[in-house]
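# Understanding the architecture of this molecule
Spelled out, the chains give:
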Amino acid sequence: MSKNISEEFILKHEDIVRSISVSPDKKYLISGSQDKTIRVWELETGNLVHNLKGHTGWVLTVAVSPNGEYIVSGSSDKTIKIWDLETGLLIRTLEGHNLYVFSVAVSEEYIFSSSWDKTIKVWSLKTGKLIHTIKGHKDCVYTIILSPDNNYLLSGSWDATIKMWEIGTWKHICDFTGHESAIYSLAITSDGRYIFSGSGDNTIKMWDSKNKLIIRTFEAHTDQIYALAVLPDNKIITGSADKSIWIWNYLNGWALGKLTGYSAIYSLAAPGKYIICAFEDKTIKVWNTDKFQEGISIEELIKSHFKFGRSTGYDLFSKGAYYQNVGDYVKAIDYFKRALEYEMQNSEVWNRLGICYSSMGKIKEAIDSFQNAIKINSNDSSIWINMGIAYSITDNNKAIECFQEAVKINPYNRLGWYIMGLTYFLSGSALESIDPFKKVIEINPNGLFPWYHIGLALAFVEKFEKAIEWLQKAIKNDSSNYKAWILMGICYTELKKKDEAMNCYEKAINLLESHLQVFPYDSDARIFLNWARYKTNVSKYKSEMLKKEKEKARENIKSYYS
């Protein structure tokens, strides 16, 4: 029996389909169209259940409540409507926006709506009452999504920023900045760890939600990206106005395949066994991978349905990535080299090859690999950072040049600024390290930052009072930072403030003794504990042994800080 890779079924509206959503039980597919209707379909069969009419403008967005009872829709008529999913009856209409409503999201308690009027409004799902208006974006707020735990709201705007807001307090938490044009789509992994954004700059960016860092940029589309969805097994699917759909492995950044020949894609969903795409040609195409003959999986769907010119190269790359992840760099290098026979112009293969060489201490080979990657893609800041790390073994000046190029490409790359600061410090330019460290703090003032490193740099140039100010900030952010306590004790000692110094050392001793009960083989912690015990004369050793411990502690601390 031959394998069937055609669409399971095609659903139709009378105008462009702008938004799709799936009920939590995956029983219903809801679609909103420029034909001013919302349609409810049985996802398993494609049968039309409801054709909801009531909006007087385009239906631009639809969502389903977490309990599966309600459909929420937003329209160019500036209203939000709440519908009963089972009966199709209109429950209420919410009015308050001044311009088009482009996106809605629903939690158990709230409805969130974003608009061309630059605001996000928060409504009670139960009563429809307006609770709060969130302001902060400088242009249309085109897309919003909730974090999986419903603690945060993410908003993407035509002002090229993504903002995070705390649910309940409505406080602005931070910005994700790095795109060069409007944000049209957002997605988030089920564990909330990674955020994906699609933009008018034709790129997709992957963000670390905790550290607010860009992990990588996906470049293949030639027009704005309206649609994103997360697939199983570390994959995302992206749809664009360029009429193409791409599948990516987001952990290694590899493009798995491309589907073309349709019209512009406005919305994507990937609930469980389904892949669903909404198109400008008025259709919705639904793939049910469980229903393919001979049990074709999503992976097989991708390989069979998408154009692959690089499957052999991809297989070799995947094996190389596996051996790299387990630390077998010799085998990884062998597979990456073989992958290059098929993918000589793939910058990620060269980048990975360079990382493996660098991990083995083969710096010349590493730098040659990174340079080849940069010739192919000079706008990937991560390659510049990796090459800078390799250079830092032999040439700090070259390393700093690489980090400067990385932050020039992406001024909001905290990792680039941070490693630049470390390189300045390790090369003996303590004062020059301070500005890059401060830049990390400037980019995102709401997380954990290198307060300690700034204090360390100031201590090295004997600006002890200033150093203490920064170390106090470090401790305020993380009171268990025993290094900061010890360094602050050293600064107080230099300032002849014995009591303050002793308090710091004693605090460090308590922290270190607790730490070593959990991690008894942490040699760095034991070095610091010896130092702190020496400084407070709290030692069980005889005088001769104490003298040896003193010298050992001094050498270890000196070695650690250098």
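Our subject is the structure listed above.
Residue indices follow the written sequence of each chain, beginning from 1 at its first position. With pLDDT at 70 or above as the cut-off, local features in this predicted model cover only qualifying residues; side-chain atom pairs require 80 or more to be listed or tallied, and sums for whole chains, interfaces and linings still use all residues. As a convention, hydrogens and water are excluded, and side-chain values are obtained from all of the structure's heavy atoms.

## Brief notes about the pairing of strand β12 (residues 119-124)
Within a regular strand, side chains alternate between the sheet's two faces. Think of it in three bands: with a 1.4 Å probe and only protein chains considered, a residue is buried below 20% of the maximum accessible area for its type, exposed above 50%, and partly exposed in between. Going along the chain from the N terminus, every DSSP run of H or I of four or more residues is numbered as a helix, and every run of E of two or more is numbered as a strand. Taken across its six residues, β12 has six buried, putting it largely inside the fold. Residues Thr119, Lys121 and Trp123 line one face of β12 and the alternating positions Ile120, Val122 and Ser124 line the opposite face, and both faces are buried. Pairing of strand β11 (residues 110-115) with β12 involves five bridges; the strand directions are antiparallel. Across the sheet, residue Phe112 finds its bridge partner in β12, namely Val122. In this analysis, strands are considered paired if DSSP registers two or more bridges between them. A loop of three residues connects β11 with β12, the two strands running antiparallel in sequence, and Lys118 in this loop sits at a positive phi of about 75°. Taken together, the five bridges between β12 and strand β13 (residues 130-135) define a ladder with antiparallel strand orientation. Its bridge partner being in β13, Trp123 is matched across the sheet by Leu130. Hairpin connection between β12 and β13: a loop of five residues separates the two successive antiparallel strands, and Gly128 in this loop has a positive phi of roughly 80°.

## A short note on unusual backbone geometry
Phi is positive for Lys36, which is not a glycine, with a value near 75°. Within the secondary structure, Lys36 is located in the loop between β3 (28-33) and β4 (37-42). Even without a glycine there, the phi angle at Lys282 is positive, about 80°. Counting through the fold element by element, Lys282 comes out in the loop between β27 (274-279) and β28 (283-288). Relative accessible area serves as the criterion here: at 37%, Lys282 is assigned to the partly exposed category.

## A look at the layout of surface pockets
A pocket, in this scheme, is an open set of points on a 1 Å grid over the protein atoms alone with protein on both sides within 12 Å along at least 5 of 7 lines, while a cavity is a set where a 1.4 Å probe fits but cannot get out; residues line either one if an atom lies within 4 Å of a point. Grid points are joined across faces, edges and corners, and a volume is the space filled by probe spheres set on the points. Computed from the structure, the largest pocket encloses a volume of approximately 1500 Å³. Taken together, 47 residues make up the lining of the largest pocket; nearest its centre are Ile20, Ser21, Ile145, Leu186 and Leu268. Gly is put with the polar residues, along with every residue not named as nonpolar or charged; the nonpolar set is Ala, Val, Leu, Ile, Met, Phe, Trp, Tyr, Cys and Pro, and the charged set is Asp, Glu, Lys and Arg. Partitioned by chemical class, the residues of the lining of the largest pocket number 32 nonpolar, 13 polar and two charged. For the second largest pocket, the lining is made up of 45 residues, of which Ile215, Arg216, Thr217, Asp380 and Ser382 are closest to its centre. By residue number, the principal contributor to the lining of the second largest pocket is strand β21 (residues 213-219), which donates seven residues. Of the residues assigned to the lining of the second largest pocket, the class counts are 19 nonpolar, 16 polar and 10 charged.

## Remarks on a nonpolar patch on the surface
Think of a patch as exposed residues, more than 30% relative accessible area, with no salt bridge, where like charges cluster within 9 Å and nonpolar side chains (Val, Leu, Ile, Met, Phe, Trp, Tyr) cluster within 5 Å. For the accessible areas, the method is Shrake-Rupley and the probe is 1.4 Å, while residue cover comes only from the protein chains on display. The rule for a salt bridge is simple: a side-chain nitrogen of Lys or Arg has to be within 4 Å of a carboxyl oxygen of Asp or Glu. Nonpolar side chains collect at one region of the surface, where Leu431, Phe460 and Val461 lie side by side and expose about 260 Å² of accessible area between them. Assessed through its relative accessible area of 47%, Leu431 is described here as partly exposed.

## So, the environment of Gly136
One can find Gly136 in the loop between β13 and β14 (141-146). Each C-alpha atom of the pair Gly136 and Lys163 lies 8.6 Å from the other, and the pair is 27 residues apart in sequence. In what follows, residue pairs with any heavy atoms lying within 4.5 Å of each other are defined as contacts. Beyond its immediate chain neighbours, meaning those up to four positions away, Gly136 contacts Lys163 and Trp165.

## Here's the deal with the packing of aromatic side chains
The geometry of two aromatic rings is summed up by the distance between their centres and the angle between their planes. Pairing of aromatic side chains here covers Phe, Tyr and the six-membered ring of Trp, requires ring centres within 6.5 Å, and sorts the geometry by plane angle: under 30 degrees stacked, over 60 edge-to-face, intermediate tilted. For the coordinates displayed, the defined rule picks out 23 aromatic pairs. Ring-pair connections join several aromatic residues into one group, and the members of that group are Tyr100, Phe102, Trp116, Tyr142, Trp158, Tyr184, Tyr226 and Tyr266. We call a charge positioned above a ring when the Lys NZ or Arg CZ atom is no farther than 6 Å from the ring centre and deviates by at most 35 degrees from the ring normal. The ring of Phe279 has Lys285 lying over it, and the distance from NZ or CZ to the ring centre is 4.4 Å. Over the ring of Trp470 we find Lys473; its NZ or CZ atom is 4.1 Å from the centre of that ring.

## Observations regarding the nonpolar core
We define the nonpolar core as a collection of buried residues of types Ala, Val, Leu, Ile, Met, Phe, Trp, Tyr and Cys that are connected through side-chain atoms lying within 4.5 Å of one another. Within the largest apolar cluster, 54 residues are counted, with the highest numbers of intra-cluster contacts made by Ile237 and Met387. Those residues in contact with Ile237 that lie beyond four places of it in its chain are Ala227, Leu228, Ala229, Leu231, Ile245, Trp246, Ile247, Leu268 and Ile275. In this structure, Ile454, Ala457, Ala459 and Ile509 belong to the second largest nonpolar core, which totals 37 residues.

## Observations concerning the packing of helix α10 (residues 451-460) against helix α12 (residues 482-494)
Running from N to C, α10 and α12 point in directions that differ by 25°, and their axes come no closer than 11 Å. Accordingly, the angle class assigned to the pair α10 and α12 is roughly parallel. Here α10 and α12 pass one another in a crossing that is left-handed. Taking contact as the criterion, the partners of Tyr452, Gly455, Leu456 and Ala459 in α10 are, on α12, Lys483, Ala484, Leu487 and Cys491. By residue class, the composition of the contact of α10 with α12 is six nonpolar, one polar and one charged. Orientation is described by axes fitted as lines to C-alpha atoms, over the contacting stretch for helices, and by angles from 0 to 180 degrees between their N-to-C directions. Angles are sorted into four bins: roughly parallel if under 35 degrees, roughly antiparallel if over 145, roughly perpendicular if 65 to 115, and oblique for all others. Each crossing gets its hand from how the near helix is turned against the far one by less than a right angle, where anticlockwise is left-handed and clockwise is right-handed.

Everything listed is a geometric property; what it means functionally is a separate question.
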